[in-house]
Amino acid sequence: MEKYAVMAVGGNALIAAGQKGTYQEQYDNAAAMALSIRRLLDDGWRLVIVHGNGPQVGNLAIQQEKGRDEVPEMPLFALDAMTQGQLGSLLAIALYRACAGRYPIVATLSHVIVDLDDPAFEHPTKPIGPFFDESKARALATARGWTVAEDAGRGFRRVVASPRPHGFVEIEAVRLLLGAGMVVVAGGGGGIPVGRRDGFWSGVDAVVDKDYAAAELAHQLNVDALILVTGVDAVRLDFGQPTERSLGIVDVAEAERHLDAGEFAEGSMGPKVRAAARFVHDGGKVSIITTPDMVAATLRGVDHDAPGLGTRIVQSPTNQEAHR
């Protein structure tokens with residue numbers, strides 16, 4: 001029986017802490033990720049791979065700022081498209097080498113649908129691009145219509161909306177490619193945001209969280225599993241406290257209780273757990289959150305609470321009944 005999953009890889013997984021983000025650094029990181037992906041393919045999983053683009057789109061925004069007197073500056077959704085193509089190519093090349101022709105691979109551009117009336121547009125929170133001192137930031141905000149805010153005491157940055165995804169324009173194409181046996185790279189950077197204006201799709205300056213986008217894509221494709229790759233082996237409760245402990249296998253009701261209790265930081269694990277829980281709540285079989293090296297073993301261990309595996313969120317008994 002064929003097994004299908006959506007796997008989300010963070011942009012930070014391709015530019016590690018302390019790295020400058022050269023092409024070679026990113027390729028080496030992608031090559032390591034590709035080996036983890038190949039193990040899943042060898043286990044019989046058919047995959048759609050979503051990647052983040054936070055560091056990359058930030059770097060490109062800095063290049064745009066530095067070069068704006070020489071060449072036209074592009075809108076943010078165009079930068080999303082540029083980095084989606086860049087990283088899709090990077091991952092595809094790494095997968096070609098890791099898989100040695102055993103699996104067909106395709107990287108696609110994907111537009112994610114957002115609601116132009118989403119409250120996120122009234123309260124932008126997602127920092128992007130370079131840092132400025134306060135006076136320059138305020139001047140840029142006036143001149144360009146930006147919203148700016150201080151970012152962790154390091155200076156001021158532009159902040160943009162991060163609306164929730166409501167589907168993908170190219171979902172049928174992705175479904176056909178996946179059904180044809182392709183390994184599909186799609187939804188990169190959370191997708192290129194678009195909304196309806198005068199009955200047509202139009203680019204939107206926003207950043208969609210890639211974990212929420214992956215959960216939406218997994219739901220639309222009706223896959224079996226949502227895989228969220230991160231830098232820690234498992235989700236932890238009471239993080240940083242003497243009572244800190246890892247979550248192994250938990251049902252979605254328990255995961256939602258921890259979210260309601262504010263257990264996970266919004267700037268860290270919160271979106272991952274929320275996206276994972278939402279996918280299972282809506283009928284998915286399992287979501288896992290773990291490191292690249294532990295993904296395959298964690299997926300194999302979804303039916304028992306084996307030690308040394310990542311976090312697995314499964315359906316609660318009432319949820320199982322509702323989706324039978």
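Residues numbered from 1 in each chain as written. Predicted model: local features only at pLDDT ≥ 70, side-chain atom pairs only at ≥ 80, totals over all residues. Heavy atoms only, no water.

Draft legend 1. A look at the overall build of the chain. The helix and strand tally for the chain stands at ten helices and 16 strands. With the principal axes as the frame, the chain shows a C-alpha extent of 60 × 45 × 45 Å. A buried classification covers 51% of the 324 residues belonging to the chain. Taking as baseline every contact in the chain between residues at least 6 positions apart, the subset at least 24 positions apart corresponds to 74%. Just so you have it, the chain exposes about 15100 Å², and 52% of that area is on carbon and sulfur atoms. Taking the average location of the 31 positive side-chain charges in the chain and that of its 40 negative ones, the two points are 4 Å from each other. (Helix = DSSP H or I, 4+ residues; strand = E, 2+ residues; numbered from the N terminus. Buried < 20%, exposed > 50% of the residue type's maximum accessible area, 1.4 Å probe, protein only. Contact = heavy atoms within 4.5 Å. Areas by Shrake-Rupley, 256 points an atom, 1.4 Å probe, with all protein chains shown as cover. Lys, Arg positive; Asp, Glu negative; His and termini not counted. Charge placed at Lys NZ, Arg CZ, Asp CG, Glu CD.)

Draft legend 2. Focus on the sheet that holds strand S4 (residues 111-113). Read from one edge of the open sheet, three strands run S4-S9-S10, paired in mixed fashion. Because the sheet does not close on itself, it has two edges, and the strands there are S4 and strand S10 (200-203). Neighbour to neighbour, the strand axes of the sheet diverge by 50° on average, direction disregarded. Pairing between S4 and strand S9 (residues 192-197): three bridges, direction parallel. Following the sheet pairing, Ile113 is matched in S9 by Val194. The sheet strands contacting helix H3 (residues 76-99) are S9 and S10, and the helix crosses S9 at an angle near 140°. (Pairing = 2+ DSSP bridges. Axes fitted to C-alpha atoms, helices over the stretch in contact; angles between N-to-C directions.)

Draft legend 3. Fine view of the sheet that holds strand S6 (residues 147-150). Reading across from one edge, S5-S7-S6 is the order of the three strands in this open sheet, with antiparallel pairing throughout. What marks the edges here is a single partner per strand, and that holds for strand S5 (126-132) and S6. Within this sheet the neighbouring strands show an average axis-to-axis angle of 40°, counted without direction. Bridge analysis of S6 against strand S7 (residues 156-160) gives four bridges, and the strand direction is antiparallel. Across the sheet, residue Ala149 finds its bridge partner in S7, namely Arg157. Sheet strands in contact with helix H4 (residues 134-144) are S5, S6 and S7, and its direction is about 120° off that of S5.

Draft legend 4. Summary view of the environment of Val160. Within the secondary structure, Val160 sits in strand S7. Classification of Val160 as buried rests on a relative accessible area of 4%.

Draft legend 5. Looking closely at the packing of aromatic side chains. Inspection of every chain in the model, using the stated rule, returns two aromatic pairs. Between Tyr23 and Tyr27 the ring centres are 6.5 Å apart and the planes differ by 15°, which places this aromatic pair in the stacked class. Here Tyr27 and Tyr23 lie together in helix H1 (residues 23-42), a separation of four residues that amounts to about one turn. Note on Tyr23: relative accessible area 47%, which makes it partly exposed. Given the relative accessible area of 13%, Tyr27 is considered buried. (Phe/Tyr/Trp six-rings, centres within 6.5 Å; stacked < 30°, edge-to-face > 60°.)

Draft legend 6. How the structure looks around the nonpolar core. Counting residues in hydrophobic clusters, the biggest one holds 42 residues, and the most contacted among them are Val6, Val48, Leu221, Leu226, Phe264, Val273 and Ile313. At the level of secondary structure, the elements contributing two or more residues to this core comprise strand S1 (3-9), strand S2 (45-51), helix H5 (171-179), helix H6 (210-221), strand S11 (225-229), helix H7 (252-260) and helix H8 (270-281). Counting residues per element, this core draws most heavily on H6, which supplies seven residues. Apart from residues lying up to four places away in sequence, Phe264 is in contact with Val235, Arg236, Leu237, Leu247, His258, Leu259, Met269, Gly270 and Val273. (Core = buried A, V, L, I, M, F, W, Y, C linked by side-chain atoms within 4.5 Å.)

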